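Here is how the chains run, residue by residue.
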Amino acid sequence: MQRLRRLRRTGALRDLVAETSFRVSSLIYPVFVTDGENIREEVPSMPGVFRYSADRLPEIVDRMLDAGIGGTMLFGVPAKKDECGSEAYAEDGVVQRAIRLIKAYCAQKGAQLTVIADICLCEYTSHGHCGVLREGDVDNDASLPLHARAALAAARAGADMVAPSSMMDGVVAAIRRTLDENGFSFLPVMGYSAKFASVFYSPFRDAADSAPQTGDRKSYQMDCRNGREALRELAADEAEGADILMVKPALAYLDVVRAARERTLLPLAVYNVSGEYAMVKAAAAAGMLDEKRTVSELMTAFFRAGADIVITYHALDAAQWLREGTL
Ligand code: PBG
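Calculation rules
Residues numbered from 1 in each chain as written. Predicted model: local features only at pLDDT ≥ 70, side-chain atom pairs only at ≥ 80, totals over all residues. Heavy atoms only, no water. Helix = DSSP H or I, 4+ residues; strand = E, 2+ residues; numbered from the N terminus. Rg over C-alpha atoms; globule rule 2.2 N^0.38 Å. Buried < 20%, exposed > 50% of the residue type's maximum accessible area, 1.4 Å probe, protein only. Contact = heavy atoms within 4.5 Å. Near = heavy atom within 4 Å. Polar contact = N/O pair within 3.5 Å; in protein donor to acceptor, adjacent residues only side chain to side chain. Areas by Shrake-Rupley, 256 points an atom, 1.4 Å probe, with all protein chains shown as cover. 1 Å grid on protein atoms, 1.4 Å probe; cavity = no way out; pocket = protein on both sides within 12 Å on 5 of 7 lines; lining within 4 Å. Sits in = over half its atoms within 2 Å of the grid points. Nonpolar A, V, L, I, M, F, W, Y, C, P; charged D, E, K, R; others polar. Disulfide = S-S within 2.5 Å. Salt bridge = Lys/Arg side-chain N within 4 Å of Asp/Glu carboxyl O.

Draft legend 1. Representation of the overall build of the protein. Looking only at helices and strands, the protein has 11 helices and 12 strands in total. A compact globule built from 327 residues would reach a C-alpha radius of gyration of about 20 Å, and the protein, at 20 Å, matches this within 12%. With the principal axes as the frame, the protein shows a C-alpha extent of 65 × 45 × 40 Å. Expressed as a percentage of the 327 residues in the protein, the buried residues total 54%. Across the protein, the fraction of contacts at a sequence separation of at least 24, relative to all contacts at a separation of at least 6, is 74%.

See below:
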């Protein structure tokens, strides 16, 4: 008789036949950087996640270096916003300053930390949309040069990678061209290729103060009913020259991750977003779920579905648990 339980009898047997494993170096930790000084404030809807002013970044950089994670992704929370999000591409914008500081700090320590700059306008525009507005809607093509300028500013500040997250058509190509024309042909682009309009971004919008003042993002982010269209978005980013593709959010979209894995040869990232993190923290705080086991099962599921890289607010905890051998 076929007995599938034979290989589950002991822990050692289960380890022997385990199909999925993952490394700390595949995890990316997002960090919110804010204007001002001596700021380290917890995001209310994201327990354990903080906004840092540039001068306070070394403490979180140290933790990331100690953890040995694969990199960090930076989001800016500027003091000033305007109609066209000019802080996003200012030479001394909040993220640009943070990148310079992190790079200088790491160089001084003789350490390396991969710094990815999220490229979008929503944290920098007064209206909170991911591009410039014309007659109430986001003007795709007028927004592209601004994204390209933001990517170039991040590159000049020393970013190791840029990741456009606005879901503008053609944004990967626009950024690729500008980087190439300015001596940054070596700099990779990670596309937020299939990014769905999702309620799971709500805590992030608290953290980054980036909720749209009017309307929503449904005219540019994807409709959660469309799996085939997600594959077209992924293929479009690949054709435009993206080096890494991403699916976002993670939990409710693992079918898309699996389908993407079967179609592309590029590295594939998933973004385990703020609302997914908040759910786990809330359930754990309420004593409803064990946090470590929950994180372990979720991370395993992301990699099992086909992700090579997971961007997650759990990265530092997961790294520590992995090292202890308890994850
Ligand atoms: C900016 C951006 C968002 C996230 C990453 N980049 C928010 C949004 O599109 O509203 C969400 C990340 C998260 O929820 O953790 N465009």
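There is more to say, and it comes next.
Draft legend 2. Spatial organisation of the site of the ligand. Close to the ligand lie 19 residues, the nearest being Lys195, Arg205, Lys248, Ser274 and Tyr313. Measuring from an oxygen atom of the ligand, one finds a side-chain N or O atom of arginine 217 at 3.0 Å. Between the ligand and the protein, one listed contact pairs an oxygen atom with a side-chain N or O atom of glutamine 221 at 2.9 Å. Within the complex, 100% of the 400 Å² of free accessible area of the ligand lies under protein. More than half of the atoms belonging to the ligand lie within 2 Å of the grid points that define the largest cavity. Of the residues assigned to the shell around the ligand, the class counts are 10 nonpolar, 3 polar and 6 charged.

Draft legend 3. Spatial organisation of the environment of aspartate 223. Within the fold, aspartate 223 resides in the loop between helix 6 (202–208) and helix 7 (227–240). In this structure the side chain of aspartate 223 is engaged in a polar contact, spanning 2.8 Å, whose partner is the side chain of arginine 225.

Draft legend 4. The arrangement of unusual backbone geometry in detail. Of note, the amide linkage connecting lysine 248 to proline 249 takes the cis form, showing an omega dihedral of -10°. Considering the arrangement of structural elements, one finds proline 249 in the loop between strand 10 (244–248) and helix 8 (254–263). Even without being a glycine, asparagine 38 presents a positive backbone phi close to 50°. Looking at where asparagine 38 falls in the secondary structure, it is placed in the loop between strand 1 (27–34) and strand 2 (40–43). Of note, the phi angle at aspartate 209 is positive, near 50°, even though the residue is not glycine.

Draft legend 5. Representation of the state of the cysteines in the model. For the structure on display, the rule yields 0 disulfides. Looking at cysteine 120, it has no disulfide partner, and the nearest cysteine sulfur is the one in cysteine 130, 3.6 Å off. Owing to a relative accessible area of 2%, cysteine 120 belongs among the buried residues under this scheme.

Draft legend 6. Molecular detail of the pattern of salt bridges. Throughout the structure, instances matching the rule amount to 16 salt bridges. The salt bridge partner of aspartate 35 is arginine 97, with a shortest N-O separation of 2.5 Å. Of this pair, aspartate 35 sits in the loop between strand 1 and strand 2 while arginine 97 sits in helix 3 (residues 94–109), placing them 62 residues apart in sequence. Aspartate 35 gets classed as buried once you look at its relative accessible area, which sits at 17%. Overall, arginine 97 belongs to the partly exposed group, its relative accessible area being 34%.

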